[in-house]
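An overview of the molecular structure
Each chain, letter by letter, is given below.
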Amino acid sequence: MSDPRRCPHPRVVVTRELPEAVMRRMDALFQARLNHTDAAWSAEALRVALATCDVLVPTVTDTIDAALIAAAGPDLRLIANFGAGVNHIDLAAARARGIIVTNTPGVLTEDTADMTMALIVSVPRRLAEGEKLVRSGEWHGWSPGGMLGYRIGGKALGIVGMGRIGQAVAQRARAFGLSIHYHNRHRLPAVLEGQLGATFHADLDDLLRVADIVTVHTPLNADSRMLIDRRRIGLMRPDVFLINASRGGIVDEEALVDALEGGRLAGAGLDVWEHEPRIDPRLLALPNVVMTPHMGSATIEGRVASGEKVIQNIRMWADGHRPPDQVLEGWA
């Protein structure tokens, strides 16, 4: 008798263009419908996909809400997300339908930490402003008072969320002479705190009061949405820099812009936005904001590794086993 949990030849729909090597492997292993145009699908296209597949492979740009899941066909049993964040998927609705959700944790840690460290350096040292000045043709040579920024070494870095990425950022920041302070739902073991030279702040407000640079590394969920709100932005000193390479909805963007325009924050480094890809035009006008197009995890190696994790999750599920990266209750 065949195992009812197995699905040896799953119909897999992939919503965005993935690295060519990953798509070739999916095509060889599964009954795969691939998106070679890389155009984001509409809600209607997603609805059709959900009605006609066993496995959906979405990305952060696909909103898989309760209505779409309710309209899914009876064969949909796995949503194998390409990426670590799953805030775009209604996990409760998926659980109610008995649909497993997986993600790809860990593979993008180093890439995101590198991008975060680049923003931590570039904002206080005004690298984006300097680059624009050179390109404008208006630079007239070195001067003692030209393009003065702030020294990185000796400053206090406040890390909000000390998971894999937060810890990787801390390791890099120590090499730049920053002292490490962090807030997390759970305190790290004393041995790890010692290795990172990290000071724990049980109260996020206390962390924001002492940090010279604040960087955000929490997943976006019900608890973290607008975590850095207007009140908390008001706790930061006017010479503080805010870095966000996590998710836009964690920071109150309107309050952030108001603080930057009013001189109540020194600057910001942003790789994500609240209404991505739309960006508040007021942000575009601010010279003390470094902006990158959600590229924190954008390395060839990272994208291929994410694709391999998706394939591993699908194969384990298709063989009747629990996928290694199943998203559990703690994410919701």
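Residues numbered from 1 in each chain as written. Predicted model: local features only at pLDDT ≥ 70, side-chain atom pairs only at ≥ 80, totals over all residues. Heavy atoms only, no water.

**Describing the packing of helix H1 (residues 20-29) against helix H13 (residues 300-318)**
Where we set the bar: What counts as an axis is a line fitted to C-alpha atoms, over the stretch in contact for a helix, and the angles between N-to-C directions run from 0 to 180 degrees. Secondary structure elements are taken from DSSP: a helix is a run of H or I of four residues or more, a strand is a run of E of two residues or more, and numbering for both begins at the N terminus. Just so you know how the angles are binned, under 35 degrees is roughly parallel, over 145 roughly antiparallel, 65 to 115 roughly perpendicular, and the rest oblique. A crossing counts as left-handed when the near helix is turned anticlockwise from the far one by less than a right angle, and as right-handed when that turn is clockwise. Any two residues whose heavy atoms approach within 4.5 Å are treated as being in contact. Residues are sorted three ways: Asp, Glu, Lys and Arg are charged, Ala, Val, Leu, Ile, Met, Phe, Trp, Tyr, Cys and Pro are nonpolar, and all the rest, Gly among them, are polar.
Where H1 meets H13, the closest approach of the two axes is 9 Å, and the angle between their N-to-C directions is 15 degrees. Taken together, H1 and H13 sit at an angle that is classed as roughly parallel. When the axes of H1 and H13 are compared, the crossing they make is right-handed. Mapping the contact onto sequence places Val-22, Arg-25, Met-26 and Leu-29 in H1 and Val-304, Gly-307, Glu-308, Val-310, Ile-311 and Arg-315 in H13. Tallied by class, the residues present in the contact of H1 with H13 amount to 6 nonpolar, 1 polar and 3 charged.

**What to know about the sheet that holds strand E2 (residues 31-33)**
For clarity, the cut-off: Strands pair, by our definition, only if DSSP identifies at least two bridges between them.
Strand order in the open sheet formed by 5 strands is E2-E1-E3-E4-E5, and the pairing between neighbours is parallel. Of all the strands in the sheet, the pair left with one neighbour each is E2 and strand E5 (100-102). Neighbouring strand axes in the sheet, compared pairwise and without regard to direction, differ in orientation by 15 degrees on average. As judged from the 3 bridges shared by strand E1 (residues 11-14) and E2, these two strands associate in the parallel manner. Across the sheet, the residue bridging to Val-13 is Arg-33, located in E2. In the packing of H13 onto the sheet, contacts are made with E1, strand E3 (55-57), strand E4 (78-80) and E5, and the angle to E4 comes to roughly 160 degrees.

**A word on helix H7 (residues 164-175)**
Rules: Given a helix with a known number of residues, its expected span is that number minus one, times 1.5 Å. When a residue's accessible area, from a 1.4 Å probe over protein chains only, is under 20% of the maximum for its type it is buried; when over 50% it is exposed; and in between it is partly exposed.
An ideal rise of 1.5 Å per residue puts 16 Å on 12 residues; H7 measures up with 18 Å between its terminal C-alpha atoms. Along H7, the positions that sit buried rather than exposed are Gly-166, Ala-168, Val-169, Ala-170, Arg-172 and Ala-173. Where H7 is buried, its residues contact helix H5 (109-122), strand E6 (156-160), strand E7 (179-183), helix H8 (190-196) and strand E9 (213-216). Where H7 ends, the next residue or the one after it, Gly-177, has phi of about 85 degrees, a positive value.

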